[in-house]
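Here's the letter readout for the chains.
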Amino acid sequence: MAAGREVSVVTIGGKGSSLSSLSVYAIANGLSQVRIDSAVTDKLPKEHPLSTVPLHNLKSRFLTLEESRAALVVVLNKLALSNAGIRDVLPDSIVETLNAGFDPESLDFGSVSAFLDSLFRLNSKNPEEVGVTDGELAVLENSSAALVGISALLDHSSSVLSTVTDAVAAISCEATKADISAFNSLDSGDGFSAKDETAVASDMKILLADSKLVGRVDSDAIWEIPKVHGIFREVVKSVHTRMRVELNSLVKVGKGSSGSSGCGKVLMNTLWPLASALQFLGESSLRRAKLNAESISSVDLRTQVLETLERSCPTSNVLNDVFRLIWEAKCEVDYVKFFHEIYCLLLKVRTVVAWEGALALFSLEKSESNEKAQGAAPARPEANVGNARAERKGEKKKKVLGKGTIVIRQIIKDRVQNQDKDAVENVEVLAQWAQNLSLFFDPKDPELDIFLQKVKEIVESNESRRIPKIPKGTRDFAKEQMAIRKRAFSIIEEVFEMHGATALDTPVFELRETLMGKYGEDSKLIYDLADQGGELCSLRYDLTVPFARYVAMHGLSSFKRYQICKVYRRDNPSKGRYREFYQCDFDIAGHFESMGPDFEVIKILTELLDELNIGDYEIKLNHRKLLDGMLKICGVPPEKFRTICSSIDKLDKQSFEQVKKEMVEEKGLSVETADSIGTYVKKRGPPLEILSKLKQEGSQFLEHSGSATALDEMHILFKALEKSKCINKVIFDLSLARGLDYYTGVIFEAVFKGTTQVGSIAAGGRYDNLVGMFGTKQVPSVGVSLGIERVFTILEQLEKDRNQSIRPTKTQVLVSIFGEDLSLAAELVSELWEAKLKAEFMVNKRPMKHIDRAKESRIPWMVIIGEREQNEGIVKLKDVEANKEEVVPRSRVVEELQRRLNFSSS
């Protein structure tokens, strides 16, 4: 708004120009003059054949002066955009009328004929002599000027109101001493939080930062602020987006044009949610206004204030009556009345918000007045000691408002209060305050610009977050944690490379179409990115789909690769569960001997977990075809296989009764079918033992071709695992389902069995059809993914349990110069670096600083040079752990360190 106030003239038309709701509002309310760009007028002919279409006068329709002026601006812009068959007389007449001003009900918008007649008469022109061309007639009939004009007023006014209501609600939180803890928990992190609700909650926290008045009183009227204001903010954005189109689109003429009725339907559908949002906003503000009144401690004063509020402020019934008129206009398809009544509702809501603000200020002022009165009470004689200190403490206690609300309150206070210091004792002042604020909150008021700008600056400065924070579900890693990670990654890479895998890296984001349709119900957890140049992209969800895309894209028939990279899930953060985390993947693609790659990836998984030395674990294993066979035997329809698998996959976290309830009540299975599934999914145990039971004579699994094949494959796999001496780590578990859609064969999941509760630490399986989903030949594949973040959690806990301090650096030597000679340190440490020794240096006069540095970083050796050592051409080698020193010649320091370090490492 501030920028708009600086421009005294709004130019219509011209290359690259566009009309905004702000400009329409400014011209409609006489805040700006209007001109039409000369580039437009130069192209317009003065003469043009007049239309022979007869014009008819329908029922007259007069708008308010503001609405009439807004409609004129819209007509002018549509004429400037069209200019086909448009003479200069009509745009010139509109500009003249707007800049000269006119009385209410001077322009008749009931029909084109009535409009032209009233417009030209205002400009002392004879309508019959001027006439109208076919082009002008088309624009006037199809521009929907009145509808678009009123909608533009609504667009700008509601945008301003959105900021005002947030600011007023913030001081209400303080006036009522409200508990605002709900603002902190609005973003659940599960990807389903409403963006605008979360944004409102964030803005409220910023406005109330450091406030000592909030946090005690529980109130629904306060807790609903993010939802009510968030919905209003969302609708306002939607209206603004639509108005940018409607204000600047060419008038459609001829076939396919629906004229004003088409525009009316579009705008009615756009603005109907605004009407609802305004009503809810008004009722919410009214509830807070009453809360502000009820927060006044004096019973008599509180009663008087409530009576004044009921008598002078629009009530809930008043808001409902206006909303009823909007509904009636909607049912009657009276577009002009519909938009007009919404504007009336907005004005009523603005008045309610003004009352809320007045009452919040009144309550705060009264509270402070009472505190001053209590502070002025005669003190006991013995209490006079230390008066100055008490006064200073009292001054500190006064600073209790939030960093944002203290500014908001002062601006409102300066606007409404007179010099009367006892005004807060007078209830009658309330109505005056509310009236002043109602005028102040009107976008026509030039002082409102300052208020809006201040609120914007407070919110954008983000005072409450001067200490930065990271998003939920992400972590920073300190030097000790990074030491563990680097060690783990080194072990993992060594195991992968021992099996002949090569490293691969892929983009952190993929085309959205690459990822969609690959993860079943988990697709909702994919992070979508904003459109940046015509490509819809998403952050990678895992490393398997990008690997399959790479194989398909390069036409590979076989490939054994590993990849250690971050992936992203729009998930609900919890202990051991993050939204950004590393995955370590090993995959084999290509045609090989039956179950050979499956055996290798499971063997690799056991090697990884053994080498990482995390403790006891088990690998649960199943087969997707066996699972499908089980579901068919139990009577589950094929189209429900995947969704029921998703339910079964929850059995590691929920009881069967909970899963059964989901399958029956949410997914439509019969109780009998669910119970039948229960008899199978409870089977788990040693692989060869369970396999023998499933293959015994009469087993229904043998009658199903898919499950029979699965049992044969499992037999081959288990025999191979037995020979490789790792089958003792495997459990055959028919409840394992793995929710991802792309699995086709063996599926497995590693679970940690130690005291640290982290759940699954690795998973994988066979996916023979994934590569072919990219429109190329099928390349059968199998892989394993290590949930390294959970493994890190285990490793970090093990370090704590062993009471071992982690050495964050590999530094071998600290060069310690007792003094200020940096050049000496540079000379000596450079010699060590050239000899490939890991060294650091420190220049400081205080010896204990050097000792502390070496011990904190667990650096095993120190090279110490003081003034005496420098004069004698020697250095002291100190074994930090043994606390022993030895003098060696300066010339042999590198040789001596190499000897000692090689000895200690061997």
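Residues numbered from 1 in each chain as written. Predicted model: local features only at pLDDT ≥ 70, side-chain atom pairs only at ≥ 80, totals over all residues. Heavy atoms only, no water.

Visitor: Got a sec to walk through the pattern of salt bridges? Specific residues and values, please.
Guide: Within this structure, the stated rule accounts for 51 salt bridges. The salt bridge involving arginine 890 is made with glutamate 827; its shortest N-O contact spans 3.8 Å. Of this pair, arginine 890 sits in the loop between strand S18 (884-889) and helix H35 (893-905) while glutamate 827 sits in helix H32 (residues 822-834); the two residues are 63 residues apart in sequence, bridging distant segments of the chain. Connected via shared salt-bridge partners are Arg868, Glu869, Glu872, Lys876, Lys878 and Glu885. (Salt bridge = Lys/Arg side-chain N within 4 Å of Asp/Glu carboxyl O. Helix = DSSP H or I, 4+ residues; strand = E, 2+ residues; numbered from the N terminus.)

Visitor: Please give an account of the pairing of strand S11 (residues 746-752) that cites residues and values.
Guide: Along S11, seven of the seven residues are buried, which leaves the element largely enclosed by surrounding structure. Sheet analysis places strand S8 (residues 617-623) next to S11, joined by seven bridges and oriented antiparallel. Bridge pairing in S11 places glutamate 618 opposite valine 751. Relative to strand S12 (residues 760-766), S11 runs antiparallel, the two sharing five bridges. Considered in S12, the bridge of phenylalanine 748 is made with glycine 764. (Buried < 20%, exposed > 50% of the residue type's maximum accessible area, 1.4 Å probe, protein only. Pairing = 2+ DSSP bridges.)

Visitor: Describe the packing of helix H21 (residues 479-498) against helix H31 (residues 788-801), with residues and values.
Guide: In contact at an axis separation of 10 Å, H21 and H31 are set at 120 degrees when each is read in the N-to-C sense. As judged from the angle between their axes, H21 and H31 are oblique. For H21 against H31, the interelement crossing comes out right-handed. Contact with H21, carried on its side by Gln481, Ile484, Arg485, Arg487, Ala488, Phe489 and Ile492, involves Ile788, Glu789, Phe792, Leu795, Glu796 and Glu799 of H31 and no other residues of that element. Of the residues contributing to the contact of H21 with H31, the split by class is seven nonpolar, one polar and five charged. (Axes fitted to C-alpha atoms, helices over the stretch in contact; angles between N-to-C directions. Parallel < 35°, antiparallel > 145°, perpendicular 65-115°, else oblique. Left-handed = near helix turned anticlockwise from the far one by under 90°. Contact = heavy atoms within 4.5 Å. Nonpolar A, V, L, I, M, F, W, Y, C, P; charged D, E, K, R; others polar.)

Visitor: Report on the environment of valine 894, specifying residues and quantitative values.
Guide: With respect to the helices and strands, the residue valine 894 is situated in helix H35. Measuring from C-alpha to C-alpha, the distance between valine 894 and glutamate 831 comes to 7.3 Å, with 63 residues separating the pair along the chain. Residues within four places of valine 894 in sequence aside, it is in contact with Glu831, Leu832 and Ala835.

Visitor: An account of H21 is needed here, citing residue identities and associated values.
Guide: Compared with an ideal rise of 1.5 Å per residue, which puts 20 residues at 28 Å, H21 spans 29 Å between its outermost C-alpha atoms and is within 8% of the ideal. Residues Ala483, Ile484, Arg485, Ala488, Phe489, Ile492, Val495 and Phe496 constitute the buried set of H21. Tucked inside the fold, the buried residues of H21 contact strand S6 (559-568), strand S7 (580-589), helix H24 (596-612), strand S13 (781-786) and H31. Backbone geometry just downstream of H21 places glycine 500 in the positive-phi region, at approximately 85 degrees. (Expected span 1.5 Å × (residues − 1).)

Visitor: Explain unusual backbone geometry residue by residue, including any values.
Guide: Despite not being glycine, lysine 177 shows a phi value in the positive range, around 55 degrees. Among the secondary structure elements, lysine 177 is positioned in the loop between helix H9 (145-175) and helix H10 (195-207).

Visitor: Hey, could you go over the state of the cysteines for me, with residue numbers and the actual values?
Guide: This model, assessed by the stated rule, comprises zero disulfides. Left unpaired, cysteine 173 is separated from the closest cysteine sulfur, that of cysteine 313, by 18 Å. This cysteine, cysteine 331, is not joined by any disulfide, and cysteine 344 carries the nearest cysteine sulfur, 18 Å off. (Disulfide = S-S within 2.5 Å.)

Visitor: Account for the nonpolar core, with residues named and values stated.
Guide: Core analysis: the largest hydrophobic core is formed by 137 residues, its most contacted members being Leu274, Phe441 and Phe451. For this core, the leading source of residues is helix H16 (residues 335-375), giving 19 residues. Among the nonpolar cores identified, the runner-up in size contains 74 residues, and Ile614, Leu631, Leu717 and Leu795 belong to it. (Core = buried A, V, L, I, M, F, W, Y, C linked by side-chain atoms within 4.5 Å.)

Visitor: Run through the sheet that holds S18, naming residues and quoting values.
Guide: Spatial strand order, S15-S14-S16-S17-S18: five strands in an open sheet with mixed pairing. What marks the edges here is a single partner per strand, and that holds for strand S15 (839-843) and S18. Neighbour-to-neighbour, the strand axes of this sheet turn through a mean angle of 25 degrees, independent of strand direction. Of the pairings in the sheet, the one linking strand S14 (residues 813-817) to S15 comprises five bridges and is parallel in character. Pairing of valine 815 across the sheet is with phenylalanine 841, part of S15. Strand contacts of H32: S14, S15 and strand S16 (861-865), with the helix running at about 170 degrees to S15, the strand carrying the most contacts.

Visitor: Explain the sheet that holds strand S10 (residues 730-733) to me, using residue names and the numbers behind them.
Guide: Strand order in the open sheet made by the nine strands is S3-S6-S7-S13-S12-S11-S8-S10-S9, with mixed pairing throughout. Both outer strands of the open sheet, strand S3 (502-503) and strand S9 (684-685), are each paired with one neighbouring strand and no more. Sheet analysis places S9 next to S10, joined by two bridges and oriented antiparallel. Across the sheet, the residue bridging to glycine 685 is phenylalanine 732, located in S10.

Visitor: I'd like to hear about the packing of helix H4 (residues 65-82) against H9, residue by residue, with values.
Guide: Axis separation between H4 and H9 bottoms out at 7 Å; the angle between their running directions is 115 degrees. Judged by the angle between their axes, H4 and H9 are roughly perpendicular. Crossing of H4 over H9 shows right-handed handedness. Along the contact surface, H4 presents Glu66, Glu67, Ala70, Ala71, Val74 and Val75, while H9 presents Ala145, Ala146, Val148, Gly149, Ile150 and Leu153. In the contact of H4 with H9, the residues fall into nine nonpolar, one polar and two charged.

Visitor: Residues and numbers for the side chain of aspartate 585, please.
Guide: By secondary structure assignment, the location of aspartate 585 is in strand S7. For the buried aspartate 585, which has no salt bridge, the nearest side chain bearing the opposite charge is arginine 561, at an N-O separation of 4.2 Å. When neighbours within four sequence positions are excluded, aspartate 585 is seen to be in contact with Phe496, Leu543, Thr544, Arg561, Tyr562, Gln563, Val784, Ser785 and Leu786. (Lys, Arg positive; Asp, Glu negative; His and termini not counted.)

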